[in-house]
Amino acid sequence: MRRAGVVAVCSALVLVGVLSAVTNSASASPKEKYKIYGWVIDGWTGEGIKDVEVELKIVPYVVNRTFTNDTGYFEMWVNKGSYSVEVYKAGYTINWTHVKVTNKDVCVNLTLLKQSTVWGYVRDAKTGKGVEGAEVVVFENVRWTFSPILLAILYRMHLVNLPIPPYLSRLGRTVTLDDGWYALGRNFLFNPMKPGTYYTLLVMKFGYIPETKVITFREYGEIKEVNFTLNRIIPI
């Protein structure tokens, strides 16, 4: 009889424990999720951009990732907290913003711009062969009246840590490959070359007379071919 009583008490305790666990489970609500959503828009055309990679970060860690649809729309479900939303697509600038999710969904709209590119060849005027190692520099917002030689001198002076002249607004630079080929603009991720703005290209290499050309773009994403022919400096 004693053994039966013990078994009955144990069974009752087990039943109470199970019922308590079920009750607690039912009363505990699941962790709430909120939506970060929005559109990635072309800043020039105003149209949505598809296939843009959207990363959600708690810096420096990526906690979620998705891609925009055909209209540029995206969404991600997250917990409460502070996040960085970053967007990328090849051929465009990059953009990001910070958001704080509290107790409601958050709308985030971001714009990107297509990267304009200038490319071409730098060749020797006498041989017609590509000039390897020529420096190609692009300056912004000024239609130069300086001679190429004076511009090259001013640029070199700036490189030796003299005060930066206001007319030397350098946007970027590169060096030609062994066949004389160069390209500029594909790595301007934050400040792309803009339509309606004048840019001066300066090409120089030791032993050659520098050359310049002025260009402008009609729209974002435009690709221009600009070739140069350098003449050797004749020794005196």
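Residues numbered from 1 in each chain as written. Predicted model: local features only at pLDDT ≥ 70, side-chain atom pairs only at ≥ 80, totals over all residues. Heavy atoms only, no water.

On to the overall build of the protein chain. Per the secondary structure count, the protein chain includes 2 helices and 16 strands. Within the protein chain, buried positions represent 35% of all 236 residues. A sequence separation of at least 24 residues applies to 62% of the contacts in the protein chain between residues at least 6 apart. For the protein chain, the exposed area adds up to about 14500 Å²; of that, 57% sits on carbon and sulfur atoms. (Helix = DSSP H or I, 4+ residues; strand = E, 2+ residues; numbered from the N terminus. Buried < 20%, exposed > 50% of the residue type's maximum accessible area, 1.4 Å probe, protein only. Contact = heavy atoms within 4.5 Å. Areas by Shrake-Rupley, 256 points an atom, 1.4 Å probe, with all protein chains shown as cover.)

Okay, the sheet that holds strand E2 (residues 53-58) next. As a general point, the strands of a sheet are linked pairwise by backbone hydrogen bonds and lie either parallel or antiparallel. The antiparallel open sheet is built from 4 strands, whose spatial order is E3-E2-E5-E6. Both edges of this open sheet fall to strand E3 (61-67) and strand E6 (95-101), since each of them pairs with a single strand only. Recorded for the sheet is a direction-independent mean angle of 25° between the axes of neighbouring strands. (Pairing = 2+ DSSP bridges. Axes fitted to C-alpha atoms, helices over the stretch in contact; angles between N-to-C directions.)

So, about the packing of aromatic side chains. The relation between two aromatic rings is expressed through the spacing of the ring centres and the mutual angle of the planes. Using the criterion set out here, one finds 5 aromatic pairs in the structure. Stacked on the ring of Tyr37, the Lys or Arg Lys35 has its end atom at 5.3 Å from the ring centre. Above the face of the Phe228 ring, Lys213 is positioned so that its terminal group lies 5.1 Å from the ring centre. (Phe/Tyr/Trp six-rings, centres within 6.5 Å; stacked < 30°, edge-to-face > 60°. Lys NZ or Arg CZ within 6 Å of the ring centre and 35° of its normal.)

Moving on, we come to the confidence of the model for the protein chain. For the protein chain, per-residue confidence averages 82 on the pLDDT scale, and 78% of positions sit at 70 or higher. Scored below 50 in pLDDT, residues 1-30 makes 0 contacts in the model with residues more than four places away or belonging to other chains. (pLDDT = per-residue confidence, 0-100.)

The strand order across the open sheet formed by 4 strands is E11-E10-E13-E14, and the pairing between neighbours is antiparallel. Taken across any chain shown, the strands that pair with only one partner, and hence form the sheet edges, are strand E11 (170-175) and strand E14 (211-215). Between one strand axis and the next, the sheet turns through 20° on average, direction left out of account. Here strand E10 (residues 135-140) pairs with strand E13 (residues 199-204) via 6 bridges, running antiparallel. Residue pairing across strands places Phe139 opposite Thr200, the latter belonging to E13.

Turning to unusual backbone geometry, a few remarks are in order. A negative phi angle is the norm for most residues apart from glycine, just as the trans form is the norm for most peptide bonds. A cis geometry characterises the amide bond from Val59 onward to Pro60, with omega recorded as 5°. Its location among the elements puts Pro60 in the loop between E2 and E3. Here Asp51, not a glycine, exhibits a phi torsion of approximately 60°, which is positive. The class of Asp51 is partly exposed, set by a relative accessible area of 46%.

This next bit is on the pairing of E3. The sheet contact formed by E2 and E3 spans 6 bridges and is antiparallel. From the neighbouring strand, Lys57 faces E3, where its bridge partner is Val62.

It is worth spelling out the pattern of salt bridges at this point. Under the defined criterion, the tally for this structure stands at 10 salt bridges. Taking the shortest distance from any N to any O, the salt bridge between Glu75 and Lys35 comes out at 3.8 Å. With Glu75 in strand E4 (residues 73-78) and Lys35 in strand E1 (residues 34-42), this pair connects stretches of sequence that are 40 residues apart. Classification of Glu75 as partly exposed rests on a relative accessible area of 33%. Among the ionic pairs, Glu222 bridges to Lys224, the shortest N-O distance being 3.7 Å. The exposure class assigned to Lys224 is partly exposed, which follows from its relative accessible area of 23%. Salt bridges sharing partners connect three or more residues here, namely Glu53, Glu55, Lys57, Arg65 and Glu86. (Salt bridge = Lys/Arg side-chain N within 4 Å of Asp/Glu carboxyl O.)

Following the sequence through the fold, Val52 ends up in the loop between E1 and E2. Taking the C-alpha atoms as reference points, Val52 and Phe74, 22 residues apart in sequence, are found 9.1 Å from one another. Every residue in contact with Val52, bar those within four places of it in the chain, is listed here: Val40, Thr66, Phe67, Thr68, Val87, Tyr88, Lys89 and Leu112.

Okay, the side chain of Thr93 next. Secondary-structure assignment places Thr93 in the loop between strand E5 (81-88) and E6. Thr93 has contacts with Leu112, Leu113, Gln115, Phe188, Leu189 and Pro192, leaving out every residue within four places of it along the chain.

All right, on to the environment of Lys114 then. By the element assignment, Lys114 lies in the loop between strand E8 (110-112) and strand E9 (117-124). It is 8.3 Å that separates the C-alpha atoms of Lys114 and Glu222, two residues lying 108 residues apart in sequence. Residue contacts for Lys114: discarding those within four places in its chain leaves Asp42, Gly91, Tyr92, Pro192, Tyr220 and Gly221.

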